[in-house]
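Analysis of the macromolecular model
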4 protein chains.
Amino acid sequence: MNRFGHIFTFTSFGESHGPAIGGIVDGIPANISLSKEDIQPALDLRRPGINSLTTQRNEPDQIEIFSGIFEGKTTGTPLGFIIKNTNHLSTDYDDIKDKFRPAHADLTYELKYGIRDYRGGGRSSARETAVRVACGAIAKKTLNSLLPKSVSISSKVIQIGTETDPTKFKELIEKTKQRNDSIGCLVELQASNVPPCLGSPIYDKLDADIAKEMMGINAVKGVEIGEGFNVVNLYGSENADEMFSDDGENIRFKSNHAGGILGGISTGQDIIVRIAVKPTPSINQILSTVDKDKKNVSITTKGRHDPCIGLRICPVVEAMMWCILLDHYLMNKSFQ
Amino acid sequence: MNRFGHIFTFTSFGESHGPAIGGIVDGIPANISLSKEDIQPALDLRRPGINSLTTQRNEPDQIEIFSGIFEGKTTGTPLGFIIKNTNHLSTDYDDIKDKFRPAHADLTYELKYGIRDYRGGGRSSARETAVRVACGAIAKKTLNSLLPKSVSISSKVIQIGTETDPTKFKELIEKTKQRNDSIGCLVELQASNVPPCLGSPIYDKLDADIAKEMMGINAVKGVEIGEGFNVVNLYGSENADEMFSDDGENIRFKSNHAGGILGGISTGQDIIVRIAVKPTPSINQILSTVDKDKKNVSITTKGRHDPCIGLRICPVVEAMMWCILLDHYLMNKSFQ
Amino acid sequence: MNRFGHIFTFTSFGESHGPAIGGIVDGIPANISLSKEDIQPALDLRRPGINSLTTQRNEPDQIEIFSGIFEGKTTGTPLGFIIKNTNHLSTDYDDIKDKFRPAHADLTYELKYGIRDYRGGGRSSARETAVRVACGAIAKKTLNSLLPKSVSISSKVIQIGTETDPTKFKELIEKTKQRNDSIGCLVELQASNVPPCLGSPIYDKLDADIAKEMMGINAVKGVEIGEGFNVVNLYGSENADEMFSDDGENIRFKSNHAGGILGGISTGQDIIVRIAVKPTPSINQILSTVDKDKKNVSITTKGRHDPCIGLRICPVVEAMMWCILLDHYLMNKSFQ
Amino acid sequence: MNRFGHIFTFTSFGESHGPAIGGIVDGIPANISLSKEDIQPALDLRRPGINSLTTQRNEPDQIEIFSGIFEGKTTGTPLGFIIKNTNHLSTDYDDIKDKFRPAHADLTYELKYGIRDYRGGGRSSARETAVRVACGAIAKKTLNSLLPKSVSISSKVIQIGTETDPTKFKELIEKTKQRNDSIGCLVELQASNVPPCLGSPIYDKLDADIAKEMMGINAVKGVEIGEGFNVVNLYGSENADEMFSDDGENIRFKSNHAGGILGGISTGQDIIVRIAVKPTPSINQILSTVDKDKKNVSITTKGRHDPCIGLRICPVVEAMMWCILLDHYLMNKSFQ
């Protein structure tokens, strides 16, 4: 329910406006050099308030680690940590505590649980992604400590609205913000030097787990791998990644339509993933909705919100990918 | 690894050219009327050889049930079943046993396991999807027996290549087949009357599980929900599904950009999913590849294959959706 | 629910009087030599009717394997199998279908599921243990193929009633049978050459998993490891297993009070487990009970039953131990 | 690995001498009244230093809750908490950091992980049981909020050494302590008003899960249910729990040899469990052992330790039982 993974796992807790969020990371192999300094920089990249285009909630996001590390090395025991919530202004939300914001999880949490911490979206807030980022940093350090050749993962926003020219993104976001609106975006992630053989067919395929974890990130509405939705337009003869060998030792591919995964198992080629991110639902405009008493009302979300989630989702997307790759790497070790 | 689900689960086994495929379905509530007759029709819809456009492998696909049903009703114990493989021509594959077919799982299975049943793709063959279809039929009967109002699920191919007019699909496939090629397609699935409250945030969200299971189906390279990748192009004001109530009792939505899921939990609106299906990699054309000795060779896949997977994937997509909904329905019951 | 294990797993299905029982074994590493011949002898040891002291139900218990093996070796894919039920006489049970046999699961299955296959105890019958034995044989072959030094597991009945002299067991059982009664027994299992480091603290300790799986075997009411219940009587100074080294390389123990497990992790010493097995509840005597209508009735279980389960439980106990050790061995590999 | 449960789960972290221990409890239904005050009293019962017979480590053991509760009620989201370690004297352990204490987990942690936090036993310390006690208090409040009739669970030490007269326990422990020794004990737990139908055969039987979780508690070497090991001595006719009905509505039993569980499912009778607890291995006596360099050395464990674990294990045993019963109760709800 609130747990990621099979062998390398983390469980997260925390609401947007509670005293702290945090998690427990389990399944870290022992004897990995690991400290706060491996994690804090990743949190700093994700944290709000880093520039004028993101939410103005300013959180220091300092991680406190309670266990799992001894004299600078992991011990094979679970790593418990928290990140305190310090800059929440809960009064911002008082006028909407009984109304369901459109495109938000307010309604579904209310229906499912009959109670919700409405402050800042409670559990459904993107604030929880700080936990993912911390876990991703742990996974990154761990995986690359175990591999002879480091995996590298990068991601970027490649489209905002209909704009694909990155030099025009800033202007588009500012305009959108001025109009009290928000806008969607497309993110592309690339993982290089991924070892082959990761992925456990048939019901824990690597691509299936990537799809699950990416779709599970707040605001994501679509996931594609390699050619993705473009495969619809292709003939089999166009989509085949032909193979050859230069040296009689290494197998190479002429193309990478597959995006690095065949039959649910990594090939060693770059893994290419694209995800579609919806516009922030919190906009300073008057929308129609209902309240707890099923009365028709109007609502305006003031708060402090990102006009485009793309500016802050990249560290989260990368973090989930690190976690997935480490998890599958450890799973695969059982059978090698 | 080879298991679907959390509470309603199934485990599958079987290779394309072994004596049988099959599975064990666990977590079926007791006292559901269930028999072979609830399952066989679904298998008949999926089975190969049903028309001139699909693979000519002709399998009767008769399910044999060994347990879990007593006097026409489920007993709460696991249901074990097999479907025999009868029409396999293993000799078809003898010339390719040492070569890796492009865009197939041949290479990755060989790398990961160091051995593979190359006959008909072995475990990675779409033949395994017959097990999914059987399990889906069980899930459908079970879920609708438990609900006051039946869920309905339908799916259809909405695009093949660049063609979106269904009346032109048959001709396009025939042409593609004549050219010894295959072609991709886009499938849309709709689930109606889905109960609200299904989905377990944050790491077992309903949309995350849908993404996982759809991406895990052979040949799928992309999954989107609701507006899906189109959210990239939208403003927040356009993507909001405003709510209202006609009668002060029921909450209704003015639109369904979300595709029936908010915060990972079903809203009660229709769930809309689209998946991108790649062209069958098995084509009767000469392609470059390598063999086990890393020698450069050419390969032609003869066998009997579907020129467009869309003709046979719909029952599989629907089956997985039935299984997901039942699984989440039972999970949700624990907390109601 | 009906699944054993974490990484090496099996799921079982089947009722005593259905057409077949069986299972799916998942998580077998690839390239292990394995065939029916590795499994059938273990089934032959467990099967009923092997001598005059056991139940007279005579089952050939032939295993049929459907998948997971190719050209004599495992492929890393799940192994599906069935064992047909051939010698069931369901009419034996017609007079008790509405009554709950004391000390049997009849009542609890009826309460929980509202329906039960009463024939031969249905799912709760010891017949299901044939599946465990088959899986244990697979685990044994697999584990010993992976280890440089073979693990050996043996078990024996060390007490029946108050009798601890094995030469008197046969006579005691025959007497018990003549009196239409049954009798309890104590079984001791020893596993030698177990690799150290198996066990995943804190909630998947090796001893915890042993306790779970042994207690889960039909008729078991107690499990102890090493000194077991005798630790109650000991001082810390008596219970300490002091260590030393002869050669400055290997660590040896002066005693094995711990039974081979410390802190939930194997030490490399012999693992010693004892289990308490209750007398078969099926006895040909008149007992008081109730029927489905809550009427007070008397009941006599005719059927064909073992007067002492100890004669047939040893292969089951050993099988579970093989499965546990392989499962933990594979889990441990992830972190080495 | 560090997680308890199926539906109601908790994950624990923490070492004896780190800054804090803690956990995340997941699967608590929403709308349960819950606060620190429901948990702290249970921790107070378990905490060290409560009388002259227990370890003199004096920990306030104050729980800090970070999430999962809003305005005094659970929200259905995970509850994260920590308990700070304040009174650790790590210098106590400096002289034993390279030696393996007999009957402790020092050796196995070193072998498995190649590194260990030797201070106070690190992760293997009984300090972790404070987390279990906190989770048990949450489970107790939750379960009894959901049931019309409260479950009650009690436990007591019924034997220490060979002594079964409780009035003589204090004297025996004091004598043992004076001799710088420790002593084993037998604990009996009783759960009353347990709903019938709990337990998921065949591989998650209620008794199997009880055996697992009890054996997983530090120092436990044996678990038995109902008659337990005494079944060995019984005839089937003696062990049968005959049934009757007074009123044609309720089924009653003439005896409870089964200890409240039949076929792995609760009957509604009292669940009776006994566990064997070994003497604390930490004794102030000179023992032989080896160090990291495999040299033969002698060791004396000074520290502050309980001469008999029985004085402090009862709250832990009860806590695990609350967690098991809630977990199985929620699981069973899925199928009712």
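Please refer to the structure placed before this passage.
Description of the structure in this document.

What counts and what doesn't
Residues numbered from 1 in each chain as written. Chains lettered and ligands numbered in written order. Predicted model: local features only at pLDDT ≥ 70, side-chain atom pairs only at ≥ 80, totals over all residues. Heavy atoms only, no water. Helix = DSSP H or I, 4+ residues; strand = E, 2+ residues; numbered from the N terminus. Rg over C-alpha atoms; globule rule 2.2 N^0.38 Å. Buried < 20%, exposed > 50% of the residue type's maximum accessible area, 1.4 Å probe, protein only. Contact = heavy atoms within 4.5 Å. Areas by Shrake-Rupley, 256 points an atom, 1.4 Å probe, with all protein chains shown as cover. Lys, Arg positive; Asp, Glu negative; His and termini not counted. Charge placed at Lys NZ, Arg CZ, Asp CG, Glu CD. Core = buried A, V, L, I, M, F, W, Y, C linked by side-chain atoms within 4.5 Å. Least-squares fit on C-alpha atoms with pLDDT ≥ 70 in both. Pairing = 2+ DSSP bridges. Axes fitted to C-alpha atoms, helices over the stretch in contact; angles between N-to-C directions. Buried area = accessible area lost by both parts, 1.4 Å probe. Polar contact = N/O pair within 3.5 Å; in protein donor to acceptor, adjacent residues only side chain to side chain. Nonpolar A, V, L, I, M, F, W, Y, C, P; charged D, E, K, R; others polar. Salt bridge = Lys/Arg side-chain N within 4 Å of Asp/Glu carboxyl O. Phe/Tyr/Trp six-rings, centres within 6.5 Å; stacked < 30°, edge-to-face > 60°. Lys NZ or Arg CZ within 6 Å of the ring centre and 35° of its normal. 1 Å grid on protein atoms, 1.4 Å probe; cavity = no way out; pocket = protein on both sides within 12 Å on 5 of 7 lines; lining within 4 Å. Points joined across faces, edges and corners; volume = space filled by probe spheres on them.

On to the overall build of chain A, then. In terms of regular secondary structure, chain A is built from 7 helices and 17 strands. Taken over the C-alpha trace, chain A has a radius of gyration of 21 Å; the compact-globule value for 336 residues is 20 Å, and the two agree within 12%. Each principal axis of the C-alpha atoms in chain A carries an extent, and together these give about 70 × 55 × 35 Å. Across the 336 residues that make up chain A, the buried fraction comes to 66%. By sequence separation, contacts in chain A at least 24 residues apart represent 71% of the contacts at least 6 residues apart. Roughly 10700 Å² of accessible area belongs to chain A as shown, and the carbon and sulfur atoms make up 47% of that amount. Here chain A carries 39 positive and 41 negative side-chain charges, and the mean point of each set is 5 Å from the other.

Moving on to the nonpolar core. If you look at the biggest cluster of nonpolar residues, it comprises 325 residues, and the most contacted ones within it are Met214 and Leu325 of chain A, Leu325 of chain B, Leu325 of chain C together with Leu325 of chain D. Every residue in contact with leucine 325 of chain D, bar those within four places of it in the chain, is listed here: Leu143, Val151, Ile153, Ala191, Val194, Leu198, Leu206 and Ile271 of chain D.

This paragraph deals with the relation of the copies chain D and chain C. For the pair chain D and chain C, the superposition axis carries a translation of 0.0 Å, the fit reaches an RMSD of 0.0 Å, and the rotation angle comes to 180°. What the rotation and shift describe, once combined, is the action of a two-fold rotation axis. Among all C-alpha atoms of chain D, that of lysine 212 of chain D lies closest to the rotation axis, at 2.2 Å. When the interface residues of chain D are mapped onto chain C, 99% of them are again interface residues, pointing to one common binding face.

What follows covers the pairing of strand E15 (residues 271–277) of chain B. Residue and element names in this part refer to chain B. Taken across its 7 residues, E15 has 7 buried, putting it largely inside the fold. Of the pairings in the sheet, the one linking strand E9 (residues 185–192) to E15 comprises 7 bridges and is antiparallel in character. Its bridge partner being in E15, leucine 186 is matched across the sheet by alanine 276.

Once that is clear, we can look at the sheet that holds strand E4 (residues 63–65) of chain B. All names here are of chain B. The strand order across the open sheet formed by 5 strands is E1-E2-E3-E7-E4, and the pairing between neighbours is antiparallel. Strands at the two margins of the open sheet, each flanked by one partner only, are strand E1 (3–4) and E4. When E4 meets strand E7 (residues 79–84), the two strands line up antiparallel, connected through 3 bridges. Across the sheet, the residue bridging to glutamate 64 is isoleucine 82, located in E7. Strands in contact with helix H1 (residues 36–46) are E4 and E7; relative to E4, the strand with the most contacts, it is inclined by about 155°.

Structural alignment of chain C on chain B gives an RMSD of 0.0 Å, achieved by rotating through 180° and translating 0.0 Å along the axis. Counting the interface residues of chain C, we find that 100% of their copies in chain B are interface residues as well, pointing to one common contact surface.

All names here are of chain A. Pairing is antiparallel in the open sheet, where 5 strands are placed in the order E1-E2-E3-E7-E4. Either end of the sheet is taken by a strand with one partner, and the two such strands are strand E1 (3–4) and strand E4 (63–65). Across 2 bridges, the pairing between E1 and strand E2 (residues 9–13) is antiparallel. Paired with phenylalanine 4 across the two strands is phenylalanine 10, which belongs to E2. Against the sheet, helix H3 (residues 129–146) makes contact with E2, strand E3 (20–26), E4 and strand E7 (79–84), and its axis sits at roughly 30° relative to E3, the strand it touches most.

This part is about the interface of chain C and chain B. Each partner contributes to the interface: chain C provides 41 residues, whereas chain B provides 41 residues. Across the chain C to chain B interface the summed buried area is about 3100 Å²; carbon plus sulfur atoms make up 67%. Our enumeration of links across chain C and chain B arrives at 10 residue pairs in polar contact (both at pLDDT 80 or more). Elements that contribute at least two residues to the side of chain C that touches chain B include exactly strand E2 (9–13), strand E3 (20–26), strand E6 (73–74), strand E7 (79–84) and helix H2 (106–113) of chain C. When residues of the side of chain C that touches chain B are assigned to their parent elements, the largest contribution, 4 residues, is made by E3 of chain C. Classifying every residue of the side of chain C that touches chain B by side-chain character gives 16 nonpolar, 16 polar and 9 charged.

This part covers the interface of chain D and chain C. Counting residues at the interface gives 109 residues for chain D and 108 residues for chain C. Area buried by chain D at its contact with chain C is led by Lys112, Tyr203 and Lys221 of chain D, which between them contribute 11% of it. A salt bridge links lysine 212 of chain C to aspartate 204 of chain D; its shortest N-O distance comes to 2.9 Å. Among the residues making up the side of chain D that touches chain C, the classes are represented as 52 nonpolar, 33 polar and 24 charged. Of the pairings in the sheet, the one linking strand E10 (residues 220–225) of chain C to strand E10 (residues 220–225) of chain D comprises 3 bridges and is antiparallel in character. From the neighbouring strand, valine 223 of chain C faces E10 of chain D, where its bridge partner is valine 223 of chain D.

This brings us to the packing of aromatic side chains. This structure, assessed with the given rule, holds 22 aromatic pairs over all chains. When the ring of tyrosine 118 of chain A is compared with that of phenylalanine 70 of chain D, the centres are 5.4 Å apart and the planes differ by 90°; the resulting orientation is edge-to-face. Taken together, the residues span two chains, with tyrosine 118 of chain A in the loop between helix H2 (106–113) and H3 and phenylalanine 70 of chain D in strand E5 (residues 69–70). Taken together through their ring pairs, the aromatic side chains of Phe4 and Phe10 of chain A together with Tyr203 of chain B make up a single cluster. Directly above the aromatic system of tyrosine 235 of chain A lies the positively charged group of arginine 179 of chain B, at a separation of 4.2 Å from the ring centroid.

In this model, the largest pocket occupies a volume close to 520 Å³. Contributing elements (two or more residues each) for the lining of the largest pocket: H2 of chain A together with strand E12 (252–253) of chain B. When its residues are assigned to classes, the lining of the largest pocket shows 9 nonpolar, 6 polar and 5 charged. Taken as a whole, the second largest pocket encloses approximately 390 Å³ of empty space.

This part is about the pattern of salt bridges. All names here are of chain B. Within the structure shown, the criterion is met by 76 salt bridges over all chains. Arginine 312 is paired through a salt bridge with aspartate 306; the nearest N and O atoms lie 2.7 Å apart. Here arginine 312 falls in the buried class, since its relative accessible area comes to 12%.

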